[in-house]
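# Analysis of the macromolecular model
Okay, here's what each chain looks like letter by letter:
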Amino acid sequence: MIPLIYTGSAQAAPPAAVVNKVMTQPLADYPGKEMLMITVDYPPGAVDPVHRHNAHSFVYVQEGTIVMQVKGGKAVTLGPGQSFYEGPNDIHTVGRNASKTKPAKFVVLLLKDQNVPFFIPTH
């Protein structure tokens, strides 16, 4: 019998973001549209999958440091009090906690079509 030798290293998947809905409000002046506000908690080392929102997304960092990037744009590192915009046609290629040891938290305000998902995974 030939012994099995494993030379690679096992890696656990990065921790997932924790998303909490704060509020949803139909926009009477814009029929069929709504505002959705969420909070996102990134545990240390958290990474989002590539995705899109099909919405105007306004990010405001409350705690920690995050890295954001959309396809065709440059990665930006944001800390408390800083913001980031993502348009309805953008593909969000990088969303992650910049720290492997400290959590991060941010608020996202999305202006979107009513009754449709706000997070759409892409490849």
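The name given to the protein in an unreviewed UniProt entry is Cupin, and the organism recorded there is Advenella kashmirensis.

Quick look at the overall build of the protein now. For the protein, the count of helices and strands is zero helices and 10 strands. By the compact-globule yardstick of 14 Å for 123 residues, the protein is too spread out, its C-alpha radius of gyration being 17 Å. For the protein, with 123 residues in total, the buried portion stands at 31%. In the protein, once contacts between residues fewer than 6 apart in sequence are set aside, the share between residues at least 24 apart is 69%. Summing over all exposed atoms, the protein offers an accessible surface of approximately 7,900 Å²; the carbon and sulfur share of this is 59%. On the protein, the mean spot of the 10 positive side-chain charges and the mean spot of the 8 negative ones are 7 Å from each other.

Turning to the pairing of strand S2 (residues 33-42), a few remarks are in order. Most of S2 sits inside the fold, with seven of its 10 residues counted as buried. Relative to S2, strand S1 (residues 18-26) runs antiparallel, the two being bridged by eight bridges. Bridged to Gln25 within S2 is Met35. Following S1, the chain reverses through six residues before pairing antiparallel with S2; Gly32 in that reversal takes a positive phi of roughly 85°. Strand direction decides the pairing type here: S2 and strand S9 (residues 104-113), joined by 10 bridges, are antiparallel.

Before going further, it helps to examine the sheet that holds S2. Taken together, five strands build an open sheet; the order of strands is S1-S2-S9-S4-S7 and the sheet is antiparallel. Two strands lie at the open edges of the sheet, namely S1 and strand S7 (83-86), each paired on one side alone. Taking the axes of each pair of neighbouring strands and ignoring which way they run, one obtains an average angle of 20° across the sheet.

Here the focus is the environment of Lys74. Among the structural elements, Lys74 can be located in the loop between strand S5 (66-70) and strand S6 (76-78). C-alpha separation for the pair Lys74 and Tyr30, spaced 44 residues apart in sequence, amounts to 32 Å. In contact with Lys74, other than residues within four places in its own chain, are Met68 and Gln69.

Right, let's get into the nonpolar core. Among the nonpolar cores identified, the biggest contains 17 residues, and Tyr42, Ile66, Met68, Phe106 and Val108 are the most heavily contacted of them. For this core, the secondary-structure elements that each account for two or more residues are S2, strand S4 (56-63), S5 and S9. Excluding its chain neighbours within four sequence positions, the residues that come into contact with Phe106 are Ile38, Thr39, Val40, Tyr42, Val59, Tyr60, Val61, Gln62, Ile66 and Met68.

Moving on to the UniProt feature "domain: Cupin type-2" (unreviewed entry) in the protein. Here, the residues flagged by UniProt with the feature "domain: Cupin type-2" (unreviewed entry) are residues 40-108. Strand forms 52% of residues 40-108 and helix 0%; the C-alpha atoms that close the span are 8 Å apart.

Moving on, we get to the environment of Leu27. Inspection of the secondary structure assignment puts Leu27 in the loop between S1 and S2. When residues no more than four places from it in sequence are discounted, the contact partners of Leu27 are Lys33, Glu34, Met35 and Leu111.

For the coordinates displayed, the defined rule picks out two aromatic pairs. Residues Tyr42 and Phe106 carry aromatic rings whose centres are separated by 5.1 Å and whose planes lie at 70° to one another, so their mutual orientation is edge-to-face. With Tyr42 in strand S2 and Phe106 in strand S9, this pair connects stretches of sequence that are 64 residues apart. Taking the relative accessible area as the measure of exposure, Tyr42 reaches 1% and is therefore buried. Exposure remark for Phe106: the relative accessible area of 4% places this residue in the buried category. Between the aromatic rings of Phe58 and Tyr85, the centroid separation amounts to 5.3 Å while the plane-to-plane angle is 50°, which identifies the pairing as tilted. Taken together, the residues Phe58 in strand S4 and Tyr85 in strand S7 connect sequence positions 27 residues apart.

Criteria and cut-off values
- Each residue is numbered by its place in its chain's sequence as written, counting from 1.
- With the structure being a predicted model, the display of local features is reserved for residues of pLDDT at least 70 and the display and counting of side-chain atom pairs for 80 or more, all residues being used for whole-chain, interface and lining totals.
- Computation of side-chain values: all heavy atoms of the structure, hydrogens and water removed.
- Think of it this way: any DSSP run of H or I at least four residues long counts as a helix, any run of E at least two long counts as a strand, and we number them from the N terminus.
- The size measure is the radius of gyration over C-alpha atoms, and the globule rule it meets is 2.2 Å times the number of residues to the 0.38 power.
- Partly exposed residues are those whose accessible area sits between 20% and 50% of the maximum for their type, while under 20% is buried and over 50% is exposed, using a 1.4 Å probe and protein chains only.
- Contacts are assigned to residue pairs with any non-hydrogen atoms lying within 4.5 Å of each other.
- Computed with the Shrake-Rupley method and a 1.4 Å probe, the accessible areas treat only the protein chains shown as cover for residues.
- Only four residue types enter the tally: Lys and Arg on the positive side, Asp and Glu on the negative side; His and the chain ends are excluded.
- Just so you know, the charge point we use is NZ for Lys, CZ for Arg, CG for Asp and CD for Glu.
- Strands are treated as partners if at least two bridges between them are detected by DSSP.
- To get an axis, a line is fitted to the C-alpha atoms, and for a helix only the part in contact is used. The angle between two axes follows their N-to-C directions and goes from 0 to 180 degrees.
- Residues grouped as a nonpolar core are buried Ala, Val, Leu, Ile, Met, Phe, Trp, Tyr and Cys residues, joined through side-chain atoms within 4.5 Å.
- UniProt positions are given in the numbering used here, feature names are shortened, and annotations may be inferred rather than shown by experiment.
- Pairing of aromatic rings covers Phe, Tyr and Trp, the last counted by its six-membered ring, and requires centre-to-centre distances within 6.5 Å; plane angles under 30 degrees mean stacked, over 60 mean edge-to-face, and any other angle means tilted.

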